[in-house]
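# What the coordinates show
Spelled out from the first residue to the last, the chains are:
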Amino acid sequence: MRENLNVILAGVGGQGVILSSTIIGEAAVEEGLSVRIAESRGLAQRGGIVTSHIRIGWGIHSPLIPKGMADGIVGFEPMEFLRHCEYLRGDGGFGIVNGNPILPVTSRIGLEKYPDYEAMMEAIRSSAERVYIIDGSGIAERLGNPNMLSIVMVGALYAVAEPPISRRAMEESIRRNVPKGTEEANLKAFEEGIRAIEGY
Amino acid sequence: METDYLTLDSIGKKVLMTGNGAVARGAIEAGVKVATSYPGTPASEILSSIAAVAKKAGIYAEWSINEKVAFEVAFAASLSGLRALMACKHLGFNWISDAFLVSAYTGVNGGLVVVVSDDPHPHSSQNAEDTRYYSKMGKVPCLEPSDPGEARKIMPMAFDLSESLQLPVVVRLTSRISHSRGDVELGEMRKEDRDPKFEKDPKRYAVIAPHARERHLWLNKQYAKAAEAMEGFPLNWIEGPRGDFGIIANGLNYSYVKEALGILGIEAPILKLSSANPIPRRLVANFLKGLKECLVVEEIEPITEESVKAIAQSEGLPVKVYGRSTGHIPLQWELNPDIVNGAISKIIGLSNPGPGLLAKAVQLEVSRRTPFLCAGCPHRASYYSIKQALRRINRGGIIAGDRGCYNQGIYPPLNGYDTCICMGASIGMACGFYKAGIKEPIVAVIGESTFFHAGIPPLINAVHNNANITVVIFDNSWTSMTGFQPNPATGINAMGEETKRLNVEEICKACGVEFIKVIDSFKVRELIDAIESAINFPGPAVVVSRHECAVRETARLRRRGERPRPYAVDPTRCTACKICLSQFGCPAISIENGKVSIDKYSCTGCGVCAQICPSKAIVQVEG
Ligand SMILES: Cc1ncc(C[n+]2csc(CCOP(=O)(O)OP(=O)(O)O)c2C)c(N)n1
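So, on to the overall build of chain B. From N to C terminus, chain B includes 22 helices and 23 strands. In summary, chain B has a C-alpha radius of gyration of 27 Å against a globular reference of 25 Å for 623 residues, a match within 12%. By its C-alpha atoms, chain B is 80 × 70 × 55 Å across when sized along the principal axes. Here chain B holds 623 residues, and the buried ones make up 60% of them. Taking the intrachain contacts of chain B between residues at least 6 apart in sequence as the baseline, contacts between residues at least 24 apart amount to 77%. Accessible surface computed for chain B: about 24,600 Å², of which carbon and sulfur atoms make up 53%. Measuring between centres, the 69 positive side-chain charges of chain B sit 3 Å from its 64 negative side-chain charges.

Spelled out as structure tokens, the structure:
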């Protein structure tokens with residue numbers, strides 16, 4: 001367990017980045033920790049970039065993480081992971097990446113090139129000391145709902161970062177924040193996220 | 001969830017809240033009774049939070065037709081003795097300025113707090129403007145919280161201050177406070193049970209010129225009292241050791257300064273300022289005494305910096321003052337801890353860049369990810385139809401745009417409009433292009449919420465001055481851009497009650513427009529015909545392109561357990577002409593290795609691509 005944690009969640013509008021940061025942030029507050037979260041949600045509904053800087057623990061001030069001081073980056077989408085790499089610390093940083101690309105519209109309709117998949121994976125693997133590329137979208141889909149990607153990623157982050165938050169507090173926060181009736185499925189998604197790291 | 005915390009009666013409990021949510025909570029704690037707003041990022045969630053609990057908390061909340069009206073509603077509530085709040089983004093403040101600047105002359109009764117969120121970067125606005133100028137112009141106090149916790153705390157203080165000075169009070173946020181979250185300690189829920197009562201006093205409330213001269217005198221006295229009150233404002237303080245180099249930090253920048261000093265491993269005297277206007281002169285002078293250099297860190301314009309220089313000069317203090325006007329901090333864009341770190345390092349001559357440069361540079365070019373109109377968005381069909389109509393007429397065409405989700409239509413392949421300035425400018429500028437003698441067809445595009453906000457006066461102007469323009473109203477029945485707030489075309493109000501639904505076409509008719517057609521946005525052939533006839537009509541003409549916002553429509557289907565019936569490409573008929581991509585560009589359609597396909601999950605079944613496909617290769621399938 002660490003004293004404090006600085007992570008960036010990065011993804012695309014609709015992937016649940018904000019929900020993930022709410023779940024982690026609320027659990028941390030329940031544990032009596034100080035929390036700062038900076039969200040850039042721009043035009044999230046419209047497929048734009050969504051990021052969340054999450055800071056938990058003591059001695060934190062700014063909601064924005066200074067460059068080079070993120071303990072880890074969770075990429076809900078591989079290109080979005082790479083876009084935020086400059087925030088990673090040089091020593092001991094980690095990366096967790098859902099390996100499933102979402103092409104920008106301009107790439108889909110053939111106006112702009114999306115990075116080559118292999119080159120992207122290579123860059124991701126060399127970006128941090130510990131890198132976990134998981135099939136987050138696949139896990140969520142197998143659990144019956146692609147929207148649960150955000151909870152799978154929360155599980156993976158919980159397993160890698162070992163934040164000073166009890167598992168019970170995490171689970172309660174998930175229960176409180178997911179749509180009614182989907183609580184059990186989402187707790188399963190959380191567990192599958194943890195397992196994806198443990199079995200890595 | 002945040003809404004649960006808004007009315008929780010649990011002093012001292014810490015909860016996670018956004019800056020906007022914390023402002024709402026603080027206002028509720030202070031006993032606000034009337035809250036108004038017109039949506040605008042980054043301020044929208046202040047009113048939507050209050051509205052979500054309004055009935056429970058005994059508050060009246062409304063989405064007004066525009067900011068000016070919102071201010072006037074809150075202002076009259078305040079004159080009636082109630083505590084009232086009005087919230088807007090910086091651009092909304094331009095709209096209220098007329099009423100706001102005079103409200104300082106009448107003064108207020110119940111506390112009146114205007115919460116404004118500025119967008120320094122700007123992340124989601126047409127410009128970055130510093131609302132503190134308005135507070136100086138109006139001689140109205142302005143407070144600036146440094147984090148969500150302080151945003152909660154500052155609201156009851158703002159209401160109290162407003163009542164003690166009888167002046168409105170501005171609470172200035174920035175996008176980074178509005179949309180950042182932190183642990184917020186809940187305060188006491190005050191019970192403010194007041195009966196509304198308006199005591200007539202025309203010398204005060206009817207500001208004709210002779211009265212205005214008297215009230216100006218009064219305002220100057222109140223402003224002097226405000227300056228005195230700021231000297232002891234509890235959220236201003238001096239901290240840190242003594243030294244030659246000190247830092248003055250406004251609002252949120254306090255956190256960047258603390259962060260930067262931590263990274264650099266140094267200490268310095270800090271003056272944390274949460275009162276932006278009037279500036280506490282004695283406190284600043286005290287802080288400056290003994291300093292050789294002082295950095296002022298503030299968001300957008302060097303307002304505090306200029307005041308600090310003036311104070312140093314009048315007190316005869318030999319301190320060099322740095323900030324945005326001296327180039328130590330850039331004059332544009334949002335600040336962050338790295339910029340503040342750079343400014344401090346430069347002044348004290350540190351070359352240590354902090355840990356930033358330790359990060360490995362990733363050598364891979366990432367592509368842009370521009371936001372877009374959603375799959376199935378009716379605006380795409382409207383733009384496509386305007387372009388097709390102009391193509392048929394073949395005399396060029398100028399499209400004056402407006403503010404709304406339809407702004408995403410600027411990107412290829414739609415390249416939907418040529419100008420976008422501010423709410424309502426589409427119709428006003430269309431009049432101007434016509435009167436300037438432009439011979440091309442002139443089309444204004446405007447959403448229904450923007451039309452209600454600012455489109456009606458310029459439409460009347462077009463009729464009155466006979467401007468031969470075509471106005472296409474993109475009516476999706478929600479204020480979508482800012483988070484799907486209801487407006488008069490929706491049929492519900494901020495508190496979820498049913499209200500009379502207004503039809504824009506009836507308003508246009510009453511304005512004297514003689515050509516009006518209402519078409520479903522998804523019937524593209526009819527829409528193109530209607531726009532073509534409107535352009536050919538001699539005189540102002542209106543086409544209402546109406547279809548509900550795709551996000552709202554699919555959400556409603558899903559709630560009923562239904563799914564949209566998607567379309568698919570029949571590969572035996574598709575000739576890969578790419579018209580669906582190069583002229584329409586729905587994000588559900590993509591091309592890979594020369595093969596066009598439709599993603600059945602994102603397709604909403606609007607069927608427009610099927611209508612425009614020359615080979616009839618797009619067909620509806622079972623979901
Ligand atoms: C003075 C001012 N107030 C608010 C805004 C924020 N804003 C931008 S567009 C918009 C309204 C959009 O509604 P509508 O015209 O119906 O278009 P839609 O987004 O629904 O397509 C608002 C409130 C602004 N830019 N300027």
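Attention shifts here to the domain arrangement of chain B. Residue and element names in this part refer to chain B. Considered domain by domain, chain B is made up of domain 1 (2-231), domain 2 (237-360), domain 3 (378-557) and domain 4 (564-620). Relative placement of domain 1 and domain 2: their C-alpha centres are 28 Å apart. Listed by partner, the interface residues are 30 residues for domain 1 and 26 residues for domain 2. In total, domain 1 and domain 2 occlude about 2,400 Å² of area from one another, counting both sides; carbon and sulfur atoms represent 52% of this. For the domain 1 face of the interface with domain 2, the top three residues by lost area are Arg132, Glu144 and Glu231, together amounting to 25%.

Okay, the environment of Val74(A) next. Residue and element names in this part refer to chain A. Relative to the helices and strands, Val74 is located in strand 4 (residues 72-75). Judged by relative accessible area, which is 1%, Val74 ranks as buried. Separated by 119 residues in sequence, Val74 and Gly193 have C-alpha atoms that sit 12 Å apart. Residues contacting Val74, with those up to four places away along its chain left out, are Ile8, Leu9, Ala10, Ile96, Met153 and Leu157.

Right, let's get into the sheet that holds strand 10 (residues 245-250) of chain B. Residue and element names in this part refer to chain B. One open sheet holds the five strands; their spatial order is 9-11-10-13-14, and the pairing between them is mixed. Single-partner strands in this sheet number two, and they are strand 9 (237-239) and strand 14 (320-322). The average angle at which neighbouring strand axes cross in this sheet is 20°, direction not considered. Strand direction decides the pairing type here: strand 13 (residues 293-297) and strand 14, joined by three bridges, are parallel. Bridge pairing links Cys294 to Val321 in strand 14. Sitting on the sheet, helix 13 (residues 303-315) is in contact with strand 10, strand 11 (270-273), strand 13 and strand 14, with an inclination near 175° to strand 14.

What follows covers unusual backbone geometry. The omega angle of the peptide bond from His121(B) to Pro122(B) is -15°, so this bond is cis rather than trans. Topologically, Pro122(B) is positioned in the loop between strand 5 (112-118) and helix 6 (132-138). Here Pro412(B) and Pro413(B) are connected by a cis peptide whose omega angle stands at 5°. Residue Glu162(A) is not a glycine yet carries a positive backbone phi of 45°. Of note, Glu162(A) is situated in the loop between helix 6 (149-161) and helix 7 (167-177). By relative accessible area, Glu162(A) is classed as partly exposed at 45%. Phi is positive for Asn466(B), close to 45°, though the residue is something other than glycine. One can find Asn466(B) in the loop between helix 17 (448-464) and strand 17 (470-475). Accessibility expressed as a relative area gives 47% for Asn466(B), which makes it partly exposed.

With that settled, the discussion passes to the packing of aromatic side chains. The geometry of an aromatic ring pair comes down to the distance between the two centres and the angle between the two planes. If you walk through the whole model with that rule in mind, you get 14 aromatic pairs over all chains. For the pair Tyr158(A) and Phe190(A), a centre-to-centre distance of 5.7 Å together with 50° between the ring planes defines the contact as tilted. You can see Tyr158(A) sitting in helix 6 and its partner Phe190(A) sitting in helix 8 (residues 183-198), a full 32 residues away along the chain. Aromatic side chains Trp237(B) and Tyr254(B) sit 5.9 Å apart centroid to centroid with 90° between the ring planes, which places their arrangement in the edge-to-face category.

All names here are of chain B. With respect to burial, helix 2 (residues 19-29) is a largely interior element, eleven of its eleven residues being buried. Turning to helix 2, its buried residues number three or more, namely Gly19, Asn20, Gly21, Ala22, Val23, Ala24, Arg25, Gly26, Ala27, Ile28 and Glu29. Following helix 2 by one or two positions, Gly31 has its phi on the positive side, about 85°.

Turning our attention to the confidence of the model for chain B. Do not read the predicted coordinates in detail wherever pLDDT is low. When the pLDDT values of chain B are averaged, the result is 96; 98% of them are 70 or greater. Here the predicted complex scores 0.97 on pTM and 0.95 on ipTM.

The packing of two helices is summarised by the inter-axis angle and the distance between the axes. Residues and elements named next belong to chain A. One way to put it is that helix 7 packs onto helix 8 with a least axis distance of 9 Å and a crossing angle of 140°. One way to sum up the angle between helix 7 and helix 8 is to call them oblique. For helix 7 against helix 8, the interelement crossing comes out right-handed. Here Arg167, Met170, Glu171, Ile174 and Arg175 of helix 7 come into contact with helix 8, specifically with Glu183, Glu184, Asn186, Leu187, Phe190, Glu191 and Ile194. Partitioned by chemical class, the residues of the contact of helix 7 with helix 8 number five nonpolar, one polar and six charged.

For the rest of this paragraph, the subject is the nonpolar core. Residues and elements named next belong to chain B. Among the nonpolar cores identified, the biggest contains 99 residues, and Phe71, Leu85, Phe93, Val115, Met155, Leu295 and Ile344 are the most heavily contacted of them. Per-element tally for this core: the top contributor is helix 7 (residues 148-165), with seven residues. Domain assignment of the residues forming this core places at least three in each of domain 1 (2-231) and domain 2 (237-360). Residues contacting Phe71, with those up to four places away along its chain left out, are Thr36, Met86, Ile96, Ala99, Phe100, Ser103, Leu112 and Val114. Formed by 75 residues, the second largest nonpolar core is a distinct cluster that contains Ile442, Ile469, Val608 and Ile618.

Let's shift gears to the environment of Ser178(B). Residue and element names in this part refer to chain B. Tracing the backbone shows Ser178 in helix 8 (residues 175-178). Owing to a relative accessible area of 0%, Ser178 belongs among the buried residues under this scheme. Taking the C-alpha atoms as reference, Ser178 lies 8.7 Å from Val23; in sequence the two are 155 residues apart. Contact partners of Ser178, with chain neighbours within four places excluded, come to Thr18, Gly19, Asn20, Pro42, Ser117 and Leu173. Within the structure, Ser178 has its side chain in polar contact with the backbone oxygen of Pro42 (distance 3.4 Å).

Residues and elements named next belong to chain B. Glu67, His379, Cys405, Thr450 and Trp478 are the nearest of the 25 residues found near the ligand. Between the ligand and Glu67, the relevant distance is 2.6 Å, taken from a nitrogen atom to a side-chain nitrogen or oxygen of the residue. Tyr406 is positioned with one of its side-chain polar atoms (N or O) 3.0 Å from an oxygen atom of the ligand. Secondary-structure elements contributing two or more residues to the shell around the ligand are helix 5 (90-106) and helix 17.

Conventions used here
- Residues numbered from 1 in each chain as written.
- Chains lettered and ligands numbered in written order.
- Predicted model: local features only at pLDDT ≥ 70, side-chain atom pairs only at ≥ 80, totals over all residues.
- Heavy atoms only, no water.
- Helix = DSSP H or I, 4+ residues; strand = E, 2+ residues; numbered from the N terminus.
- Rg over C-alpha atoms; globule rule 2.2 N^0.38 Å.
- Buried < 20%, exposed > 50% of the residue type's maximum accessible area, 1.4 Å probe, protein only.
- Contact = heavy atoms within 4.5 Å.
- Areas by Shrake-Rupley, 256 points an atom, 1.4 Å probe, with all protein chains shown as cover.
- Lys, Arg positive; Asp, Glu negative; His and termini not counted.
- Charge placed at Lys NZ, Arg CZ, Asp CG, Glu CD.
- Domains from an automatic or database assignment.
- Buried area = accessible area lost by both parts, 1.4 Å probe.
- Pairing = 2+ DSSP bridges.
- Axes fitted to C-alpha atoms, helices over the stretch in contact; angles between N-to-C directions.
- Phe/Tyr/Trp six-rings, centres within 6.5 Å; stacked < 30°, edge-to-face > 60°.
- pLDDT = per-residue confidence, 0-100.
- Parallel < 35°, antiparallel > 145°, perpendicular 65-115°, else oblique.
- Left-handed = near helix turned anticlockwise from the far one by under 90°.
- Nonpolar A, V, L, I, M, F, W, Y, C, P; charged D, E, K, R; others polar.
- Core = buried A, V, L, I, M, F, W, Y, C linked by side-chain atoms within 4.5 Å.
- Polar contact = N/O pair within 3.5 Å; in protein donor to acceptor, adjacent residues only side chain to side chain.
- Near = heavy atom within 4 Å.

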